[in-house]
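Descriptive structure summary
The chain contents come next:
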Amino acid sequence: MNKNNDAGGMGMFSKKHEMIRKLAREFAENEIAPMAAQIDETGEYPEELRRKIIDCGFHAIVIPKEYGGCGGDTVSATIVTEEFTKVDASASTQLMPNSLSGGSLMMFGNEAQKQKYLRGMAEGKLIGAFAITEPGAGSDTAAITTTAETDGDYYILNGRKCFITNGPCCDFVTVFAKTDVNARGVKGISAFIVESAWEGFSRGAVENKMGMHGSPTCDLIFENVRVPKENLLASEGQGFKICMATLDSGRITVATQGLGIAQGALDEAVKYVKERVQFGKPISKLQNTQFEIADMATKVECGRQLVYHAAELKDAGKPYSKNAAMAKYYCGDLCNNIAYRSLQLHGGYGYMKDYPIERMFRDARLVAIYEGTSEIQRVVIANHVLGK
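Residues numbered from 1 in each chain as written. Predicted model: local features only at pLDDT ≥ 70, side-chain atom pairs only at ≥ 80, totals over all residues. Heavy atoms only, no water.

The chain appears in an unreviewed UniProt entry as Butyryl-CoA dehydrogenase from Enterocloster citroniae. Here the chain is described in UniProt, under the heading Sequence similarities (unreviewed entry), as follows: "Belongs to the acyl-CoA dehydrogenase family." Checking UniProt for the chain, the heading Cofactor (unreviewed entry) contains the comment "FAD". (UniProt positions renumbered as here; feature names shortened; annotations may be inferred.)

Now the structure itself:
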């Protein structure tokens with residue numbers, strides 16, 4: 001790794017932040033990087049490594065201390081995500097309690113829900129997931145067909161969710177369903193905490209994906225699942241608000257994944273061009289290579305500024321939705337661009353699985369798709385700029 005490629009010069013970083021970066025970087029390089037190729041090949045995340053991440057507290061950076069977490073800020077979680085993703089994008093999905101699965105609980109959960117589910121994740125006893133997408137409803141949230149009908153002290157949940165990160169291994173999932181099927185648009189959507197052990201909960205086959213192999217994904221099926229009313233998140237009809245707020249925060253995380261992949265790909269390119277000799281000298285001496293590296297490094301730094309500015313705004317309690325969307329949009333394209341250019345600098349070797357850039361190239365593609373495609377981010381950004 002190139003030790004100079006970090007955000008150490010940015011004003012928002014305290015000595016505590018720099019210590020977190022140092023610890024996260026050492027862990028990533030010593031524990032995650034040596035297993036990244038194996039994880040990609042097998043599609044299985046080693047339990048031993050997951051436990052090490054939990055023991056170090058990386059998975060619960062932003063969860064408040066009263067629920068077993070570290071009580072840290074968004075910038076700290078962003079630092080850890082970037083360092084992990086530099087060496088293996090799949091590793092960052094082990095940090096979901098800091099974003100999607102934990103975010104909705106931290107923002108909208110009541111005390112009992114936080115004590116049970118948020119604490120369970122912080123202590124490493126529970127794995128959470130977040131389920132909004134359906135086969136017929138991706139970017140169009142209003143089109144979801146999953147329903148939750150009242151039955152005494154329960155809701156009866158029916159429907160199917162797809163592409164659910166951690167779906168194959170989750171102990172509970174935040175599910176979005178219509179409690180008022182007659183409501184127009186997104187007004188009748190509510191959110192529920194649903195445990196995987198409950199009758200009627202089942203999972204589809206694990207998806208065979210292009211990349212992110214260490215992050216398991218599957219469909220979740222709900223057939224007359226009885227959900228206790230105390231597992232309603234916030235109140236009926238608040239589902240869309242919960243979803244959007246959680247995704248706003250999650251976009252910082254996904255943008256950071258893009259940043260981490262881009263920085264990791266740049267690091268691999270720098271390492272390779274210094275070692276690869278052609279025409280009697282390292283190809284790093286060729287002007288075209290130098291121009292490519294200069295362009296790549298500049299683009300990565302632009303992404304870093306966008307990501308950490310959004311994180312800083314969130315920590316300051318200021319509006320950050322537009323900035324999170326900008327960071328996610330830019331870094332989704334960034335990681336794909338940098339991975340492509342790095343692979344090109346590797347030549348034929350970059351196409352081989354012996355080199356990490358081949359895996360990074362595949363992993364990068366997802367960043368511009370999930371948790372809101374790049375096209376959706378542009379809609380969000382435009383709405384903010386145009387005042388819609």
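Structural notes on the UniProt feature "domain: Acyl-CoA oxidase/dehydrogenase middle" (unreviewed entry) in the chain
UniProt records the feature "domain: Acyl-CoA oxidase/dehydrogenase middle" (unreviewed entry) at residues 129-225, using the numbering of this structure. For the annotated span residues 129-225, helix accounts for 0% and strand for 47% of the residues, and the straight-line distance between the end C-alpha atoms is 17 Å. (Helix = DSSP H or I, 4+ residues; strand = E, 2+ residues; numbered from the N terminus.)

Considerations on the state of the cysteines
Summed over the entire model, instances satisfying the criterion amount to zero disulfides. A disulfide-free cysteine, cysteine 218 has its sulfur positioned 7.1 Å from the sulfur of cysteine 170, the nearest such atom. Exposure remark for cysteine 218: the relative accessible area of 0% places this residue in the buried category. Cysteine 302 forms no disulfide, and the closest cysteine sulfur to it belongs to cysteine 331, at a distance of 9.8 Å. (Disulfide = S-S within 2.5 Å. Buried < 20%, exposed > 50% of the residue type's maximum accessible area, 1.4 Å probe, protein only.)

Brief notes about helix 9 (residues 321-346)
Between its terminal C-alpha atoms helix 9 stretches 37 Å, which fits the 38 Å expected from 26 residues at 1.5 Å a residue. One or two positions beyond helix 9, positive phi appears at glycine 347, with a value near 65 degrees. (Expected span 1.5 Å × (residues − 1).)

Quick notes on the nonpolar core
Formed by 59 residues in total, the largest nonpolar core has its most connected members in Ile32, Phe58, Val80, Phe84 and Ile338. Sort the elements by how many residues they give to this core and helix 7 (residues 239-275) lands first, with 12 residues. Ignoring any residue separated from it by four or fewer positions in sequence, one finds phenylalanine 58 in contact with Leu23, Ala24, Phe27, Ile53, Val80, Phe84, Leu95 and Asn98. Of all hydrophobic cores here, the second largest spans 25 residues; its members include Ala122, Ala137, Ala191 and Ile193. (Core = buried A, V, L, I, M, F, W, Y, C linked by side-chain atoms within 4.5 Å. Contact = heavy atoms within 4.5 Å.)

Quick notes on the UniProt feature "domain: Acyl-CoA dehydrogenase/oxidase C-terminal" (unreviewed entry) in the chain
As annotated in UniProt, the feature "domain: Acyl-CoA dehydrogenase/oxidase C-terminal" (unreviewed entry) corresponds to residues 237-385 in the numbering used here. Regarding residues 237-385, the helix share stands at 78% and the strand share at 3%, and the terminal C-alpha atoms are separated by 28 Å.

A few points about the pattern of salt bridges
Following the criterion strictly, the structure yields 23 salt bridges and no others. With a shortest N-O distance of 2.7 Å, arginine 362 and aspartate 40 are connected by a salt bridge. A residue pair is termed long-range when its members are at least 10 positions apart, and arginine 362 in helix 10 (residues 356-367) and aspartate 40 in helix 2 (residues 36-42) qualify at 322 residues. Given a relative accessible area of 10%, aspartate 40 falls into the buried group. (Salt bridge = Lys/Arg side-chain N within 4 Å of Asp/Glu carboxyl O.)

Some details on the packing of helix 1 (residues 15-32) against helix 3 (residues 47-56)
With their axes 12 Å apart at the nearest point, helix 1 and helix 3 run at an angle of 165 degrees to one another. When the axis of helix 1 is compared with that of helix 3, the two are roughly antiparallel. Helix-helix and strand crossings are classified by hand; for helix 1 and helix 3 the assignment is right-handed. Of the residues in helix 3, those touching helix 1 at Phe27, Glu31 and Ile32 are Leu49, Lys52, Ile53 and Cys56. By residue class, the composition of the contact of helix 1 with helix 3 is five nonpolar, no polar and two charged. (Axes fitted to C-alpha atoms, helices over the stretch in contact; angles between N-to-C directions. Parallel < 35°, antiparallel > 145°, perpendicular 65-115°, else oblique. Left-handed = near helix turned anticlockwise from the far one by under 90°. Nonpolar A, V, L, I, M, F, W, Y, C, P; charged D, E, K, R; others polar.)

Quick look at the side chain of serine 92
By secondary structure assignment, the location of serine 92 is in the loop between helix 4 (74-87) and helix 5 (100-108). Each residue touching serine 92, except ones within four places of it in the same chain, is listed here: Thr81, Thr85 and Gln257.

Looking at the packing of aromatic side chains
Two numbers describe a pair of aromatic rings. These are the distance of the centres and the angle of the planes. In the structure shown here, the tally under the stated rule is 11 aromatic pairs. The interplanar angle of 80 degrees and the centroid separation of 5.4 Å between the aromatic rings of phenylalanine 201 and phenylalanine 222 together place this pair among those described as edge-to-face. One end of the pair, phenylalanine 201, is in strand 6 (residues 201-203); the other, phenylalanine 222, is in strand 7 (residues 217-228), and 21 residues separate them in sequence. In terms of burial, phenylalanine 201 and phenylalanine 222 fall into one category: buried. Cluster of aromatic residues (ring-pair linked, three or more members): Phe27, Phe58 and Phe84. For the cation-ring pair, arginine 226 lies above tyrosine 154, with the distance from its terminal atom to the ring centre recorded as 4.4 Å. If you follow lysine 229 out to its NZ or CZ, it ends over the ring of tyrosine 155, 5.8 Å from the centre. (Phe/Tyr/Trp six-rings, centres within 6.5 Å; stacked < 30°, edge-to-face > 60°. Lys NZ or Arg CZ within 6 Å of the ring centre and 35° of its normal.)

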